[in-house]
Amino acid sequence: ITGGSSGIGLELARQLTQLGANVWILARHPDLLQYALTEIEKLRIQPDQTFGTLVADVSDEANINEKLDNFMKTVGIPDLLINSVGFSRPGLIIEQDIAIFHKLININYLGTVHVVKRIAAAMVKRRSGHIVNLSSIAGFLGVIGYGAYGASKFAIAGFTDVLRIEL
């Protein structure tokens, strides 16, 4: 689960743990990941369930590729990938610094693309796997003050539509 150290990603990790899944969470901040890992381990329902963390920046393609390649070599190809990474920075389009637009696209959208491309290729080769990309209501409906964020989430929705058809 990308973005698994907090928010929806962490909640999904908790729920999957309570269903007996082996769960690995990925985020940029080791301290938040360690806290989240402790939280999900408390919910273990089977003694053989495994859990782990990956410290990585999804917006850095080389970094995420290296981390995911190592993960798949040591742990294996996931059966389920959930992309929950993302952040928001509200602001009116004409007032918001262009750097915010770049950051939102790089993390929310391209971060999702980087992870999907690396793991989907392995899933296709294995001929099994599921991918869930989380967007937002702002990815389907324009919301005042969320132009940059909404565009990054619209991109995820469009990407996922095409991915579904291609796979």
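Every chain is numbered independently, its residues counted from 1 as its sequence is written. In keeping with the model being predicted, local features are shown solely for residues with a pLDDT of at least 70 and side-chain atom pairs are shown and tallied solely at 80 or more, while totals for entire chains, interfaces and linings include all residues. Side-chain numbers here rest on the full set of heavy atoms in the structure, without hydrogens or water.

Digging into the overall build of the protein chain
Helices and strands together make up the secondary structure of the protein chain, namely 5 helices and 4 strands. Starting at the N terminus, helices and strands are each numbered in turn, a helix being any DSSP run of H or I of at least four residues and a strand any DSSP run of E of at least two. Written out in order from the N terminus, the α and β elements of the protein chain read α-β-α-β-α-β-α-β-α. With the C-alpha coordinates aligned to their principal axes, the bounding extent of the protein chain is approximately 55 × 35 × 25 Å. Looking at the 167 residues of the protein chain, the share that counts as buried comes to 40%. Only the protein chains shown count as cover for residues, and the accessible areas themselves come from Shrake-Rupley with a 1.4 Å probe. Surface accessibility of the protein chain: about 9300 Å² in total, with carbon and sulfur atoms responsible for 58%. Only protein chains enter the accessibility calculation, which uses a 1.4 Å probe. A residue is then buried if its area is under 20% of the maximum for its type, exposed if over 50%, and partly exposed in between.

Notes on the packing of helix α4 (residues 98-126) against helix α5 (residues 147-166)
Only the stretch in contact is used when fitting a helix axis, every axis being a line fitted to C-alpha atoms; angles between N-to-C directions are given from 0 to 180 degrees. Two numbers describe how α4 lies on α5: the axes approach to 8 Å, and their chain directions differ by 20°. Comparing their axes, α5 and α4 come out roughly parallel. For the pair α4 and α5, the sense of crossing is right-handed. Contacts from Phe101, Leu104, Ile105, Asn108, Tyr109, Thr112, Val113 and Val116 of α4 reach α5 at Ala148, Tyr149, Ala151, Ser152, Lys153, Ala155, Ile156, Phe159 and Leu163. For this classification, Asp, Glu, Lys and Arg are treated as charged, while Ala, Val, Leu, Ile, Met, Phe, Trp, Tyr, Cys and Pro are nonpolar and the rest, including Gly, are polar. Grouping the amino acids of the contact of α4 with α5 by side-chain chemistry returns 13 nonpolar, 3 polar and 1 charged. Note on terminology: angles under 35 degrees are roughly parallel, angles over 145 are roughly antiparallel, angles of 65 to 115 are roughly perpendicular, and the others are oblique. The handedness criterion is simple: a crossing whose near helix is rotated anticlockwise from the far helix by less than a right angle is left-handed, and one whose near helix is rotated clockwise is right-handed. Any pair of residues with heavy atoms lying within 4.5 Å of one another is described as a contacting pair.

Structural notes on the nonpolar core
Residues enter a nonpolar core if they are buried and are Ala, Val, Leu, Ile, Met, Phe, Trp, Tyr or Cys, with the set joined through side-chain atoms within 4.5 Å. Ranked by size, the top nonpolar core spans 26 residues in total, and within it Leu26, Ile64, Val115 and Ile119 carry the most contacts. Among the secondary structure elements, those contributing two or more residues to this core are α3 (61-74), α4 and α5. When near neighbours in sequence (up to four residues on either side) are disregarded, Val115 contacts Thr2, Val58, Ile64, Leu68, Leu81 and Asn83. Judged by nonpolar contacts, the second largest core, of 12 residues, contains Ile25, Leu33, Ala36 and Ile82.

Points about the pairing of strand β1 (residues 23-27)
Most of β1 sits inside the fold, with 4 of its 5 residues counted as buried. Pairing of β1 with strand β2 (residues 51-55) involves 5 bridges; the strand directions are parallel. Bridge pairing links Ile25 to Thr53 in β2. We call a crossover right-handed when, viewed with both strands directed away from the observer, the connection leading from the first strand over the helix to the second proceeds clockwise. Remark: the β1/helix α2 (residues 30-41)/β2 crossover connection has right-handed handedness. Each pair of strands is called paired provided DSSP finds at least two bridges between the two strands.

A word on the packing of aromatic side chains
Pairing of aromatic side chains requires ring centres within 6.5 Å, counting the rings of Phe and Tyr and the six-membered ring of Trp. Pairs whose planes differ by under 30 degrees are stacked, by over 60 edge-to-face, and all others tilted. Scanning the model with the defined rule gives 3 aromatic pairs in all. Considering the side-chain rings of Trp24 and Phe71, the 5.2 Å spacing of their centres and the 70° angle between planes classify their relative orientation as edge-to-face. A residue pair is termed long-range when its members are at least 10 positions apart, and Trp24 in strand β1 and Phe71 in helix α3 qualify at 47 residues. Look at Phe71 and you get buried, because its relative accessible area is 9%. With centroids separated by 6.1 Å and ring planes inclined at 85°, the aromatic side chains of Tyr109 and Phe159 adopt a geometry described as edge-to-face. With Tyr109 in helix α4 and Phe159 in helix α5, the pair connects residues that are 50 residues apart, well separated along the chain. Charge-over-ring contacts are defined here by two conditions on Lys NZ or Arg CZ: a distance within 6 Å of the ring centre and an angle within 35 degrees of the ring normal. Sitting over the face of the ring of Phe87, Lys103 holds its NZ or CZ atom 5.4 Å from the ring centroid.

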